[in-house]
Structure formats: structure tokens, C-alpha cells
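Now for the letters of each chain:
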Amino acid sequence: MRSYGHMAKAAGIALALAALTAGCTSVRDHRGYLIDQTLLDSVQPGIDNRVSVEKTLGRPTFVSQFGEKDYYYISQTVKTPPFRRPQTSEQTVLRVRFDASGNVVGVDKRGMEQVARISPNGDKTPTLGRHRGLLEDLFGNIGQVGASGMGSPGGPTGPGPNGS
């Protein structure tokens, strides 16, 4: 009977460890356009136009705002490791270029080489200028305002508080 009890405890511990480590796996999430290579290959420059592209590929993720109104279809796969921020692991940007009359000129496909990794500098934005301390912030303007008689060289000239 003792061996059965030890086996049950060992199985219980193994089950508990498996449950704990199951929560420590990365989560994969797909965002954006689902690329179907067959549909993408069916879009032909010189043959298709804006209407046929929308019927084939669907509405674009966004349309360019300047120049020719190109269509962009964006697809991302994001991994979220446990206790960390999400990270883009795969990205595809499809760009369908049109001429002035709305006919397809070309289809471009870009990947992760277009992703820019930036590292913000903490919670403060560095700026040019003086770095002032607390006392300078509190008392730095004493003697600066109204030193020559409240705005005009000869002093206040009118009935208002600043000579107006």
C-alpha cells in the first residue's frame, strides 16, 4: 500500500508542475490581413484595377494619403512571452500600386526588414537647454519680471496694472 501512496503523490506533483509550466508558454497571435498566396498571385499588373483588387483581396488595411492611392495590406504575427511585452515575430506588407487611371502597376511584398526597432529613453524626452533644479524652478524668476519699471523704460504710464 505504501508504494501506491508514493506513486499517487508523485503523480500529483507531476500534474501540479505540468499545470504551473503550462501557463509559462508564449502566446502567438495573428493580427491584420490573412495572406492567401493564390489570391495574391491572381492580381495582374495591366489587367486588374481598384475594383477587381478589392473583389479579390478585400478592402485594404489602409490607403496611402499622398501621391497615388496605393493599397496596403498588413499582416503580423505577434508573440507574447510570459510576463513580457508582445513582440512582432513576422510581418508582411503588401503594397498594390496603381497608375493615375486606377489600373494595377505592380504588387510589392515586404517583410521584417521594414520593421524599425526603437528603444525609448525612459520616461523623459531629452531636450536642449538648461537643466534646472527645484530651487531654480521655484525662485529663478525673482528679480527678472518688472526690473525696469513694469514694461516701459520710464515706468508705468497708464492706469492699468502694467502701464496699459
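Refer to the structure printed above.
What counts, and at which threshold
Throughout, residues of each chain are indexed from 1 in the direction in which the sequence is written. A pLDDT threshold of at least 70 governs which residues receive local features in this predicted model, and a stricter bar of 80 or more applies before side-chain atom pairs are shown or counted, although totals over entire chains, interfaces and linings include all residues. Remark: hydrogens and water are excluded; side-chain values derive from all non-hydrogen atoms of the structure. Per the convention used, a helix needs a DSSP run of H or I reaching at least four residues, while a strand needs a run of E reaching at least two, with both numbered from the N terminus. Exposed residues in this analysis have more than 50% of their type's maximum accessible area, buried residues have under 20%, and partly exposed residues fall in between, with area computed by a 1.4 Å probe over protein chains only. In this description, accessible areas are obtained by the Shrake-Rupley approach with a 1.4 Å probe, and a residue is regarded as covered only by the protein chains that are shown. Residues scored as positive are Lys and Arg, those scored as negative are Asp and Glu, and His as well as the terminal groups of each chain are ignored. Salt bridge, as used here, is a side-chain nitrogen of Lys or Arg placed within 4 Å of a carboxyl oxygen of Asp or Glu. As used in this structure description, the phrase polar contact means that two N or O atoms lie within 3.5 Å; if the pair is within protein, one of them must be able to donate a hydrogen and the other to accept it, and residues adjacent in sequence are counted only when both atoms belong to side chains. Contacts are residue-level and defined by heavy atoms, with any inter-residue pair within 4.5 Å sufficient. Strands qualify as paired when DSSP identifies two bridges or more between them. Candidates for patches are residues over 30% relative accessible area with no salt bridge; among them, like charges are joined within 9 Å and nonpolar side chains (Val, Leu, Ile, Met, Phe, Trp, Tyr) within 5 Å. By nonpolar core we mean a set of buried residues, namely Ala, Val, Leu, Ile, Met, Phe, Trp, Tyr and Cys, connected to one another through side-chain atoms within 4.5 Å.

**Some words on the overall build of the protein chain**
Stage number 1. In terms of regular secondary structure, the protein chain is built from four helices and five strands.
Stage number 2. Counted from the first residue to the last, the protein chain has its helices and strands arranged as α-β-α-α-β-β-β-β-α.
Stage number 3. Classification of the 164 residues of the protein chain by burial places 17% in the buried group.
Stage number 4. Of the roughly 12900 Å² of accessible surface on the protein chain, 57% is carried by carbon and sulfur atoms.

**Observations regarding the side chain of Asp-48**
Stage number 1. Tracing the chain through its elements places Asp-48 in the loop between helix 2 (37-42) and helix 3 (50-57).
Stage number 2. Buried charge Asp-48 goes without a salt bridge, the closest partner of opposite sign being Lys-55 at 10 Å.
Stage number 3. One polar contact links the side chain of Asp-48 to the main-chain amide nitrogen of Gln-44, over a distance of 2.7 Å.
Stage number 4. A polar side-chain atom of Asp-48 sits 3.0 Å from a polar atom in the side chain of Ser-52.
Stage number 5. When neighbours within four sequence positions are excluded, Asp-48 is seen to be in contact with Ser-42, Val-43, Val-53, Asn-103 and Val-104.

**Side note on unusual backbone geometry**
Stage number 1. Positive phi is not limited to glycine here, since Phe-83 has a value of about 65°.
Stage number 2. Residue position: Phe-83 is located in the loop between strand 3 (71-80) and strand 4 (87-98).

**A word on the pairing of strand 3**
Stage number 1. Bridge count between strand 1 (residues 27-32) and strand 3: six bridges; the pairing is antiparallel. Bridge pairing in strand 3 links Arg-28 to Lys-79.
Stage number 2. Of the pairings in the sheet, the one linking strand 2 (residues 62-63) to strand 3 comprises two bridges and is antiparallel in character. Looking at the pairing, Val-63 lines up with Tyr-71 of strand 3.
Stage number 3. The sheet contact formed by strand 3 and strand 4 spans nine bridges and is antiparallel.

**Considering helix 3**
Because each turn of an α-helix spans 3.6 residues, side chains separated by three or four positions in sequence point in the same direction.
Stage number 1. The opening residue of helix 3, the one whose side-chain oxygen lies 3.2 Å from the backbone nitrogen of Val-51, is Asn-49.
Stage number 2. With its phi angle positive at about 90°, Gly-58 sits one or two positions after the end of helix 3.

**Considerations on the pattern of salt bridges**
Stage number 1. Taken as a whole and assessed by the stated rule, the structure comprises five salt bridges.
Stage number 2. Notably, a salt bridge pairs Arg-95 with Asp-108, separated by 3.9 Å at the nearest N-O pair. Highlighted residues: Arg-95 in strand 4 and Asp-108 in strand 5 (residues 104-110), separated in sequence by 13 residues.
Stage number 3. Its relative accessible area of 30% is what places Arg-95 among the partly exposed residues.

**Notes on a nonpolar patch on the surface**
Stage number 1. Taken together, the side chains of Leu-134, Leu-135, Leu-138, Phe-139 and Ile-142 present a nonpolar region at the surface, about 600 Å² in accessible area.
Stage number 2. Mapping Phe-139 onto the fold places it in helix 4 (residues 134-139).

**Let's talk about the nonpolar core**
Stage number 1. Among the nonpolar cores identified, the biggest contains 11 residues, and these are Tyr-33, Leu-40, Val-43, Val-53, Leu-57, Tyr-71, Tyr-73, Leu-94, Val-96, Phe-98 and Val-104.
Stage number 2. Taken together, the elements giving at least two residues each to this core come down to helix 3, strand 3 and strand 4.
Stage number 3. The element best represented in this core is strand 4, accounting for three residues.
Stage number 4. Setting aside its immediate chain neighbours within four residues, Val-96 contacts Val-53, Leu-57, Asp-70, Tyr-71, Tyr-73, Val-104, Gly-106 and Val-107.

**Brief notes about the side chain of Ser-75**
Stage number 1. Residue placement: Ser-75 occurs in strand 3.
Stage number 2. A distance of 3.1 Å separates a polar atom in the side chain of Ser-75 from the backbone oxygen of Tyr-33.
Stage number 3. Non-local contacts of Ser-75, meaning those with residues more than four positions away in its chain, are made with His-30, Arg-31, Tyr-33, Ile-35, Glu-90, Gln-91 and Thr-92.

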